[in-house]
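Chain by chain, the residues run as shown.
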Amino acid sequence: MKQTDSLAVTVIAKQSNGAGNVLLTLASEDGQPLPAFAPGAHIDVEIPGCGKRQYSLCSTAANHYQICVRLDARSTGGSRWLHQQLAAGDGLQISSPRNHFPLPQAPRTLLFAAGIGLTPLLVMAEALAARQADFTLHLYLKRADELAFCERLATLGPHAVIHYSSESDSLRQRIPDDLKQPHNSALIYCGPAGFMDHLQQLAQQQGWKLDQLHSERFRPSDAPRLVADSAFEIEIASSGARFAVSADQSIAEVLEDAGIAIALSCEQGMCGACITGVLAGEPDHRDDVLSQHERAANDCIVLCCSRAHSPLLVLDL
């Protein structure tokens, strides 16, 4: 049985926010305050016929949530439904905010966003500006008409630098000086997979260390599996019960078949809903949510997609 924390909300506004983007403002259906969140948080949105999709929160007011959704040419129906069928006044089911993309503490912070990857980083930039921190936000777009959140970006002044590939200012055409200065900085980035992979490669070439790099994905990576899956066992620490996980099963599937309630959402290793502690054994991390530091610690696992290198994993359940 899956655990849920569903919230009923109403779409109180729907408006264009740069070419190809729609900004949705959501308020609690019963008028009660929505749960608080920190910069980098996201919510699940239940899309009829499509299941759950994850969207970063980009709100500034405390009494509502906002998400900005781009109409994705590769859409499996989620963004298309939000753009074309959802209307102001309609109801939605969403989750409480989750945050596996927190704003790190660093003497200097560099934020790199491409397209709608701006949404979590804009809230981070505003939080950094509010405490007069040292930061720069670099935003990469194809054309000027795609620019979202114009007024909010303007309040950041010189802290926000906008690059347009139509003006020969893409990340592949020119490396910003900021990217060449990794000392005592945190590099946070979000955007399409190609942009993030290229930026991470550039950063490492410029001397950035992996623990300085922070990112978030809402689409699973396409990295190939180099070895075939094998069977292993899991143990529930609280009861000592053991279960076999075959080569064609996920840990989450085995736990659910055994009647053990776990939180599931994206079921693709991106949202972090099913992160669970590991007390013994070596996980085979296959998610897109844990940081390099968290993976190296080997004390947690994403149940929906990751497996085991060791014959047995003891789960903190």
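J.: What exactly am I supposed to notice about unusual backbone geometry here?
T.: Most peptide bonds are trans, and most residues other than glycine sit at a negative phi. One non-glycine residue with positive phi stands out, namely Phe149, at about 55°. Taking the relative accessible area as the measure of exposure, Phe149 reaches 6% and is therefore buried.

J.: Please explain the nonpolar core as it appears in this structure.
T.: Nonpolar side chains in soluble globular proteins tend to end up buried together. Leu111, Leu118, Leu121, Leu137, Phe149, Leu153 and Leu156 are the most contacted members of the largest nonpolar core, which totals 27 residues. In terms of residue count, helix H2 (residues 118–130) provides more of this core than any other element does, seven residues in total. Discounting chain neighbours no more than four positions away, the residues touching Phe149 are Asn17, Leu23, Cys58, Cys68, Leu118, Thr119 and Leu122.

J.: Sorry, what's going on with the sheet that holds strand E14 (residues 242–245) here?
T.: Picture the strands of a sheet paired through backbone hydrogen bonds; they go either parallel or antiparallel. On the basis of which strands lie adjacent, the open sheet formed by five strands has the order E14-E13-E20-E16-E18 and mixed pairing. Of all the strands in the sheet, just E14 and strand E18 (300–302) have a single pairing partner and so form its edges. Along the sheet, successive strands turn relative to each other by an average axial angle of 40°, direction set aside. Where strand E16 (residues 275–280) meets E18, three bridges bridge the pair, whose relative direction is antiparallel. The residue bridging Gly277 from the neighbouring strand is Cys300, located in E18.

J.: Any chance you could explain the packing of aromatic side chains here in plain terms?
T.: This model, assessed by the stated rule, comprises three aromatic pairs. When the centroid spacing of 5.7 Å and the interplanar angle of 85° are considered together, the rings of Phe37 and Tyr65 count as edge-to-face. Of the two residues, Phe37 is situated in the loop between strand E3 (21–28) and strand E4 (42–47) and Tyr65 in strand E6 (residues 65–70); the sequence distance between them amounts to 28 residues. Here the aromatic rings of Phe112 and Tyr140 are separated by 6.3 Å at their centres, their planes lie at 15°, and the arrangement is stacked. Here Tyr140 lies in strand E9 (residues 135–141) and Phe112 lies in strand E8 (residues 108–114), a separation of 28 residues in the sequence. With a relative accessible area of 0%, Phe112 lands in the buried category. Judged by its relative accessible area of 8%, Tyr140 is buried.

J.: Hey, could you run me through the side chain of Glu216 in this one?
T.: Structurally, the position occupied by Glu216 is in strand E12 (residues 213–216). Ignoring any residue separated from it by four or fewer positions in sequence, one finds Glu216 in contact with Gly40, His42, Ser56, Phe101, Pro120, Tyr189, Cys190 and Met196.

J.: I tried to follow the sheet that holds strand E10 (residues 160–164) on my own but got confused; where do I start?
T.: Here we have five strands laid out as an open sheet, ordered E10-E9-E8-E11-E12, and parallel in their pairing. Because the sheet does not close on itself, it has two edges, and the strands there are E10 and E12. Mean inter-strand twist for the sheet, computed between neighbouring axes without regard to direction, equals 15°. As paired strands, E8 and strand E11 (residues 185–190) are joined by six bridges and run parallel to one another. Bridge pairing in E11 places Leu111 opposite Ile188. Strands in contact with H2 are E8, E9, E11 and E12; relative to E8, the strand with the most contacts, it is inclined by about 155°. Sitting on the sheet, helix H4 (residues 193–205) is in contact with E8, E9, E11 and E12, with an inclination near 160° to E11.

J.: Sorry, what's going on with the environment of Ala133 here?
T.: Position of Ala133 relative to the elements: it lies in the loop between H2 and E9. Distance from Ala133 to Leu121, taken between C-alpha atoms, is 14 Å for residues twelve residues apart in sequence. Other than its neighbours up to four places away in sequence, Ala133 contacts Leu128 and His159.

About the cut-offs
Residues numbered from 1 in each chain as written. Predicted model: local features only at pLDDT ≥ 70, side-chain atom pairs only at ≥ 80, totals over all residues. Heavy atoms only, no water. Buried < 20%, exposed > 50% of the residue type's maximum accessible area, 1.4 Å probe, protein only. Core = buried A, V, L, I, M, F, W, Y, C linked by side-chain atoms within 4.5 Å. Helix = DSSP H or I, 4+ residues; strand = E, 2+ residues; numbered from the N terminus. Contact = heavy atoms within 4.5 Å. Pairing = 2+ DSSP bridges. Axes fitted to C-alpha atoms, helices over the stretch in contact; angles between N-to-C directions. Phe/Tyr/Trp six-rings, centres within 6.5 Å; stacked < 30°, edge-to-face > 60°.

These results come straight from atomic positions and should not be treated as a statement about function.
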